[in-house]
Amino acid sequence: MFSLKTFSVFVVDDDPMMRAMLKDFISRKFSNAQISLHNTGEAMLTAMSQKPDLIILDYQLDSVEPGAMNGLQVMKHLKENHSEIPGIFLSSQENPDIAANTIKYGAFDYIAKNTHAFERLEIIMNNALHRNELKKGLGAQKFFNAVLLVLFVALAAGMIYYRFIAK
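Because the structure is predicted, anything quoted here is derived from the model rather than measured.

Just to check I follow, could you spell out the side chain of aspartate 58 for this structure?
Within the secondary structure, aspartate 58 is located in the loop between β3 (54–57) and α3 (71–81). Discounting chain neighbours no more than four positions away, the residues touching aspartate 58 are Val12, Asp13, Asp14, Gly71, Phe89, Leu90, Ser91, Ser92 and Lys113.

Even after reading the chapter, I still don't get helix α1 (residues 16–29), so can you show me in this structure?
Each full turn of the α-helix corresponds to 3.6 residues, which orients residues three or four apart in the same direction. For α1, built from 14 residues, the straight-helix expectation of 20 Å at 1.5 Å per residue is met to within 8% by its first-to-last C-alpha distance of 20 Å. Three or more residues of α1 are buried, namely Met18, Arg19, Leu22, Phe25 and Ile26. Each buried residue of α1 sits inside an arc of 135 degrees when the element is viewed along its axis, so together they form one side. In α1, the exposed positions that point more than 90 degrees away from the buried face belong to Pro16, Met17 and Arg28. At the N-terminal end of α1, a side-chain oxygen is found 3.0 Å from the backbone nitrogen of methionine 17, two or three residues along, and the residue is aspartate 15.

Looking at this model, I keep getting lost on the pattern of salt bridges. Mind explaining?
Pairing is possible between side chains of opposite charge, provided their charged atoms come close. This structure, assessed with the given rule, holds 5 salt bridges. Between lysine 113 and aspartate 13 there is a salt bridge; the shortest N-O distance is 3.1 Å. On the criterion of sequence distance, the pair formed by lysine 113 in the loop between β5 (109–112) and α5 (117–165) and aspartate 13 in the loop between β1 (7–12) and α1 is long-range, its members being 100 residues apart. Take lysine 113: its relative accessible area is 24%, and that puts it in the partly exposed class. Linked by salt bridges that have partners in common, Asp13, Asp58 and Lys113 make up one network.

Quick question: what am I supposed to make of the sheet that holds strand β2 (residues 33–38) here?
What holds strands together in a sheet is hydrogen bonding between their backbones, with the strands either parallel or antiparallel. Strand order in this open sheet of 5 strands is β2-β1-β3-β4-β5, and the pairing throughout is parallel. Pairing within the sheet leaves two strands with one partner each, and these edge strands are β2 and β5. Recorded for the sheet is a direction-independent mean angle of 20 degrees between the axes of neighbouring strands. Judged from the 4 bridges that link them, β1 and β3 form a sheet pairing that is parallel.

Could you clarify how one ought to interpret the packing of aromatic side chains in this entry?
The final tally for this structure, using the stated rule, is 4 aromatic pairs. Ring geometry for phenylalanine 7 and phenylalanine 30: centres 5.7 Å apart, planes at 90 degrees, overall edge-to-face. Of this pair, phenylalanine 7 sits in strand β1 while phenylalanine 30 sits in the loop between α1 and β2; the two residues are 23 residues apart in sequence, bridging distant segments of the chain. Assessed through its relative accessible area of 1%, phenylalanine 7 is described here as buried. Consider the rings of phenylalanine 89 and tyrosine 110, whose centres lie 6.2 Å apart with planes at 35 degrees: the pair is tilted. With phenylalanine 89 in strand β4 (residues 87–91) and tyrosine 110 in strand β5, this residue pair connects regions lying 21 residues apart in the sequence. Comparing phenylalanine 89 with tyrosine 110 shows no difference in burial state: the two are buried. In textbook terms, an aromatic cluster arises when at least three aromatic residues are bridged by ring pairs, as seen for Tyr59, Phe89 and Tyr110. For the cation-ring pair, lysine 76 lies above tyrosine 105, with the distance from its terminal atom to the ring centre recorded as 4.5 Å.

What counts, and at which threshold
- Residues numbered from 1 in each chain as written.
- Predicted model: local features only at pLDDT ≥ 70, side-chain atom pairs only at ≥ 80, totals over all residues.
- Heavy atoms only, no water.
- Helix = DSSP H or I, 4+ residues; strand = E, 2+ residues; numbered from the N terminus.
- Contact = heavy atoms within 4.5 Å.
- Expected span 1.5 Å × (residues − 1).
- Buried < 20%, exposed > 50% of the residue type's maximum accessible area, 1.4 Å probe, protein only.
- Arc of directions from axis to C-beta.
- Polar contact = N/O pair within 3.5 Å; in protein donor to acceptor, adjacent residues only side chain to side chain.
- Salt bridge = Lys/Arg side-chain N within 4 Å of Asp/Glu carboxyl O.
- Pairing = 2+ DSSP bridges.
- Axes fitted to C-alpha atoms, helices over the stretch in contact; angles between N-to-C directions.
- Phe/Tyr/Trp six-rings, centres within 6.5 Å; stacked < 30°, edge-to-face > 60°.
- Lys NZ or Arg CZ within 6 Å of the ring centre and 35° of its normal.

Written as structure tokens, this is what we have:
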């Protein structure tokens with residue numbers, strides 16, 4: 001299980017029962033999760049200033065509000081503006097072409113709503129959150145490597161100066 005002290009999850013689904021089930025499931029499996037529920041992609045996008053660590057969204061977000069963005073449109077927007085946040089599709093669409101399309105447009109993974117959906121969701125959430133943590137660690141490592149390189153170059157320049165020029 002992922003062990004970050006706290007992390008935030010946006011759950012975006014136009015079905016209130018599914019939102020409640022996801023909230024209950026995530027709360028039980030990840031006691032350190034702060035969960036925000038949204039019924040449309042537009043509602044979620046207005047809350048992006050909260051900088052969630054993970055987004056779980058339905059593919060057909062426009063089934064209740066016909067003018068609403070669908071999940072793929074939301075994912076395109078996320079990847080253009082918040083590419084560092086992994087988005088996981090959880091949808092009743094079991095079409096492999098739809099799943100491949102969501103990945104093509106930047107989804108971290110795609111889960112069909114079936115009997116194994118919640119088991120897969122737990123695994124994929126752990127993977128996505130762990131990957132984010134590794135990326136953050138990699139960024140810090142790159143910074144420290146750059147500092148060490150600068151120090152090494154300065155030390156080498158100082159040694160060359162004292163050995164050949166300062167005599």
